[in-house]
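Working through the structure, step by step
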Amino acid sequence: MEEKNYITPAGHERIKTELLQLLNLDRPEVVKVVHWAASNGDRSENGDYIYGKKRLREIDRRIRFLNKRLEFAVVVDNLARKNGDSDAEQVFFGATVTYSPVEGLEAGKKTVITIVGVDEVDLEKGHVSWVSPISKALIKARLGDCVAIQTPTGPCEIEILDVQYL
């Protein structure tokens with residue numbers, strides 16, 4: 001059995017949207033092109049047919065992958081933390097955390113990350129996977145805590161400045 005695929009509601013929606021796009025628009029369009037190209041005769045030197053079949057295999061592979069990801073998806077909604085009904089100062093999946101190194105050259109430099117599922121990682125936006133070393137170090141820590149992390153340049157201690165659930 002596969003591992004659970006933790007994902008935010010927004011990430012789950014993006015995967016479903018991509019899957020529906022492939023199933024309802026992209027795949028039928030490619031099938032039409034392949035059908036047309038096949039009706040032209042010799043398929044061995046028919047570029048439209050060869051490329052269309054290749055593209056169809058790629059789409060089918062992506063559909064299988066997305067279906068598998070959705071099958072094991074566990075949508076984590078932090079509604080209770082957003083509304084203040086639960087402890088919003090502790091870091092869990094879906095938290096947006098602002099932290100700063102306590103000492104060294106980077107001391108005082110604020111960094112903002114959001115802990116998301118493995119299918120949602122986007123480092124340019126600051127979205128890091130919940131299985132990444134920084135996330136593992138931050139999870140269950142609280143606002144104001146200092147946490148030790150291992151960086152490529154060696155161990156570093158960071159302070160959690162803010163925790164939000166957006």
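Residues numbered from 1 in each chain as written. Predicted model: local features only at pLDDT ≥ 70, side-chain atom pairs only at ≥ 80, totals over all residues. Heavy atoms only, no water.

1. Topic: the confidence of the model for the chain
What counts is decided by this rule: In predicted models, pLDDT denotes the confidence assigned by the predictor to each residue on a 0 to 100 scale. In this description a helix means any DSSP run of H or I spanning at least four residues, a strand means any run of E spanning at least two, and both kinds are numbered starting from the N terminus.
Of the residues in the chain, 98% reach a pLDDT of 70 or more, and the chain-wide mean stands at 89. Looking at the elements of the chain, mean pLDDT is at its lowest for helix α3 (residues 79-82), recorded as 77, and at its highest for strand β5 (residues 127-129), recorded as 95.

2. What about the layout of surface pockets?
Note the cut-off: Lining residues are defined by having an atom within 4 Å of a point belonging to a cavity or pocket. Those points lie on a 1 Å grid over the protein atoms alone, cavities being sets where a 1.4 Å probe fits but cannot get out and pockets being open sets with protein on both sides within 12 Å along at least five of seven lines. Grid points are joined across faces, edges and corners, and a volume is the space filled by probe spheres set on the points. Residues are grouped as follows: nonpolar covers Ala, Val, Leu, Ile, Met, Phe, Trp, Tyr, Cys and Pro; charged covers Asp, Glu, Lys and Arg; every other residue, Gly included, is treated as polar.
Estimated volume of the largest pocket: approximately 430 Å³. Residue lining of the largest pocket: 18 residues in total, with Tyr-99, Pro-101, Ile-149, Thr-151 and Cys-156 positioned closest to the centre. Among the elements that make up the lining of the largest pocket, the one with the highest residue count is strand β7 (residues 154-164) (4 residues). A per-class count over the lining of the largest pocket returns 10 nonpolar, 4 polar and 4 charged. Taken as a whole, the second largest pocket encloses approximately 240 Å³ of empty space.

3. Structural notes on the environment of Gln-21
Note the following rule: When a residue's accessible area, from a 1.4 Å probe over protein chains only, is under 20% of the maximum for its type it is buried; when over 50% it is exposed; and in between it is partly exposed.
For Gln-21, the position within the fold is in helix α1 (residues 9-38). A relative accessible area of 36% places Gln-21 in the partly exposed class. Residues Gln-21 and Pro-155, 134 residues apart in the sequence, show an inter-C-alpha distance of 45 Å.

4. Brief notes about the pattern of salt bridges
Selection criterion: Within this document, salt bridges are pairs made up of a side-chain nitrogen of Lys or Arg and a carboxyl oxygen of Asp or Glu, the two lying within 4 Å of each other.
This structure, assessed with the given rule, holds 6 salt bridges. One salt bridge connects Arg-55 with Glu-58, and the closest N-O pair in it is separated by 3.5 Å. Of this pair, Arg-55 and Glu-58 are both found in helix α2 (residues 47-71), 3 residues apart, which corresponds to roughly one turn of the helix.

5. Considerations on unusual backbone geometry
One non-glycine residue, Lys-140, lies in the positive phi region at around 80 degrees. Structurally, the position occupied by Lys-140 is in the loop between α4 (133-138) and β6 (146-151).

6. Section: the environment of Val-34
This is how it is decided: Two residues form a contact once any of their heavy atoms are found within 4.5 Å.
With respect to the secondary-structure elements, Val-34 resides in helix α1. Along the chain, Val-34 and Gly-52 lie 18 residues apart, while their C-alpha atoms are 5.4 Å from each other. Dropping the residues within four chain positions of it, Val-34 is found in contact with Tyr-49, Gly-52 and Lys-53.

7. A few points about the sheet that holds β6
So the rule is basically this: Pairing between strands is defined by DSSP: at least two bridges between them are needed. To obtain each axis, a line is fitted to C-alpha atoms, and for helices this fit is confined to the stretch in contact; angles are then taken between N-to-C directions over 0 to 180 degrees.
If you walk across this open sheet you meet the 5 strands as β5-β4-β3-β7-β6, and the pairing is mixed. The open sheet has two free edges, formed respectively by β5 and β6, since each of these has just one partner strand. Within this sheet the neighbouring strands show an average axis-to-axis angle of 45 degrees, counted without direction. The sheet contact formed by β6 and β7 spans 6 bridges and is antiparallel. Residue pairing across strands places Val-147 opposite Ile-158, the latter belonging to β7.

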